[in-house]
Amino acid sequence: MDSNAMGRLTFRPLTEAWKGEATDFTPLIANQLDSLGEVIGVNLASYGESEVPSAGGRRIDIVASVDDGTELVIENQYGRADHDHLTRGLAYAVARRARGLVVVAEEHRDEFRAVAQYLNELAEHDPERGIAVWLVEARAVRIGESPWAPLFTAVVEPNSFTARVEQTKQAQAARSLDELYALVEDQDTRDAIRHMVERWTGLGHRRRLASNHVVLEARGPATGGVRAVVALFVDGRVLVPFNAYAGVNTGVPIDELTTDDFRRSADALFGFAGTEKSAKTVPGWLTTSRVNELLRFCEQVAAAYERALVQRDE
């Protein structure tokens with residue numbers, strides 16, 4: 001290969017990379033909240049809840065957790081942002097007492113930018129009741145024939161939100177496993193999380209700490225060389241990222257983890273309905289009595305990742 005060759009950077013509308021707004025792009029954002037967080041200057045938890053039920057039978061695209069334990073509501077749409085998504089997002093944020101609203105679209109109108117700036121000015125004067133607003137524009141980008149990736153650009157953002165969150169985070173966020181364990185109210189759940197982390201890392205795998213959960217990771221075909229296996233939350237919930245197994249984050253699906261048989265066995269273990277793409281169990285699911293079966297599931301995922309690595313390198 002010519003060492004002086006340079007890949008061509010290509011930008012396209014979101015629909016060329018992800019056909020469905022609700023079926024493809026919303027789950028992608030929910031599983032790449034850390035990337036969106038970098039753009040808006042807020043350290044978001046690794047995973048968000050998508051298609052969250054709200055009053056009136058509508059659903060919020062994504063609810064994300066900030067490091068201080070509060071929430072951001074995220075609304076996304078293809079094309080130019082419209083009144084419906086902005087006003088609906090604000091209504092959701094007010095109903096959930098969220099700290100802020102993020103509207104992701106391919107283009108934002110000047111009048112919407114003015115409204116967002118006005119709301120941010122009000123929030124400056126009353127941080128406890130105001131709602132911070134970010135307007136983010138998104139495009140699909142790739143180099144050569146690489147998988148598509150979302151490119152986010154913040155076009156409107158509040159001035160002091162990040163500083164306030166950072167102050168709270170320094171006071172409250174877990175910075176070590178011991179601090180995370182201290183956030184777990186139930187003793188059996190605390191023991192279960194500790195046993196899972198110790199046994200997982202004892203097998204030579206990795207873990208990644210977040211504000212209210214720990215992500216168990218394993219070697220796999222991805223840019224960074226590791227992929228998420230499951231996430232363990234302080235309230236005893238376990239998140240199983242079926243989207244990640246299917247390659248939403250990396251563009252590399254793991255075939256063994258997308259079969260009907262695998263999904264049926266996972267649903268039976270975790271109590272899922274078979275339709276969730278980034279699925280969380282009920283609170284309190286993780287107990288010491290379930291550690292062994294959860295560990296077997298995680299080892300199955302890690303082994304599939306490893307085999308996919310071997311196949312890729314052959």
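Rules used in this analysis
- Residue positions are given per chain, counted from 1 along the sequence in the order it is written.
- With the structure being a predicted model, the display of local features is reserved for residues of pLDDT at least 70 and the display and counting of side-chain atom pairs for 80 or more, all residues being used for whole-chain, interface and lining totals.
- Derived side-chain values reflect all non-hydrogen atoms in the structure, with water molecules and hydrogen atoms excluded from consideration.
- Within this document, salt bridges are pairs made up of a side-chain nitrogen of Lys or Arg and a carboxyl oxygen of Asp or Glu, the two lying within 4 Å of each other.
- Put simply, DSSP marks the helices as runs of H or I at least four residues long and the strands as runs of E at least two long, and each gets a number from the N terminus on.
- When accessible area is computed with a 1.4 Å probe and restricted to protein chains, residues below 20% of their type maximum are described as buried, those above 50% as exposed, and intermediate ones as partly exposed.
- Side-chain atoms within 4.5 Å link the members of a nonpolar core, which is a set of buried Ala, Val, Leu, Ile, Met, Phe, Trp, Tyr and Cys residues.
- Residue contacts follow a heavy-atom distance rule, with two residues in contact if any of their heavy atoms lie within 4.5 Å.
- Pairs of strands are assigned from DSSP output, requiring at least two bridges between the strands.
- Throughout, the arc means the angular range of directions from the helix axis out to the C-beta atoms.
- Pairs of N or O atoms within 3.5 Å make up the polar contacts considered here, provided that, within protein, one atom can donate a hydrogen while the other can accept it, and that residues adjacent in sequence are counted only when both atoms are side-chain atoms.

A. The arrangement of the pattern of salt bridges in detail. Inspection of the entire model under this criterion finds 15 salt bridges. Its salt-bridge partner being R80, residue E107 comes within 3.0 Å of it at the nearest N-O pair. With a gap of 27 residues between them, E107 in the loop between β5 (100-105) and α5 (110-125) and R80 in the loop between β4 (71-76) and α4 (83-95) connect regions that are remote in the sequence. For E107, a relative accessible area of 36% puts it in the partly exposed group.

B. Spatial organisation of the nonpolar core. Formed by 40 residues in total, the largest nonpolar core has its most connected members in V230, L232, Y245, F270 and F297. Every element with two or more residues in this core is listed here: α7 (177-182), α8 (187-202), β9 (213-219), β10 (226-233), β11 (238-240), α9 (242-245), α10 (260-270) and α11 (291-313). Setting aside chain neighbours within four positions, we find F297 in contact with V230, V240, Y245, F262, A266, L269 and F270. Membership of the second largest hydrophobic core comes to 25 residues, among which are L14, L36, V104 and W134.

C. View of unusual backbone geometry. One non-glycine residue, R97, lies in positive phi territory at about 55°. Structurally, R97 is set in the loop between α4 and β5.

D. Representation of the sheet that holds β11 within the structure. Across the sheet, which stays open at both edges, the five strands sit in the order β8-β9-β10-β11-β12 with antiparallel pairing between neighbours. Both edges of this open sheet fall to β8 (206-209) and β12 (279-280), since each of them pairs with a single strand only. The pairing of β9 with β10 spans seven bridges and is antiparallel. When the sheet's bridge partners are listed, R219 is paired in β10 with V226.

E. Looking closely at the side chain of N120. Relative to the elements of secondary structure, N120 occurs in helix α5. Among the residues examined, N120 registers a relative accessible area of 6% and is labelled buried. Apart from the residues lying within four places of it in its own chain, the contact partners of N120 are I131, A132, V133, V156, E157 and P158.

F. Spotlight on the environment of Q32. Structurally, the position occupied by Q32 is in the loop between α2 (21-30) and α3 (33-40). A sequence separation of twelve residues divides Q32 from L44, and the C-alpha atoms of the two residues are 9.6 Å apart.

G. Layout of α10. For α10, every residue scored as buried is listed here: F262, R263, A266, D267, L269 and F270. Summarising the axial view, the buried residues of α10 lie within an arc of 165°, below the 170-degree limit, and thus occupy one face. In α10, those exposed residues whose orientation departs by more than 90 degrees from the buried face are D260, D261, R264 and A268. G271, located one to two residues past α10, shows a positive phi value of around 80°.

H. Focus on the side chain of T10. Among the secondary structure elements, T10 is positioned in strand β1 (residues 9-12). The contacts of T10, once residues within four sequence positions are left out, are A140, V141, R142 and W148.

I. Layout of α3. Those residues of α3 not exposed but buried are L33, L36, G37 and I40. Projection of α3 onto a plane perpendicular to its axis shows the buried side chains occupying an angular sector of 105°, all on one side. G41 sits one or two residues past α3 and shows a positive phi near 80°.

J. Spatial organisation of the environment of D24. Relative to the helices and strands, D24 resides in helix α2. Once the C-alpha coordinates of D24 and N243 are considered, the two residues, 219 residues apart in sequence, prove to be 9.3 Å apart. Beyond its immediate stretch of four places on either side in the chain, D24 contacts W18 and K19. A distance of 2.8 Å separates a polar atom in the side chain of D24 from the backbone nitrogen of G20.

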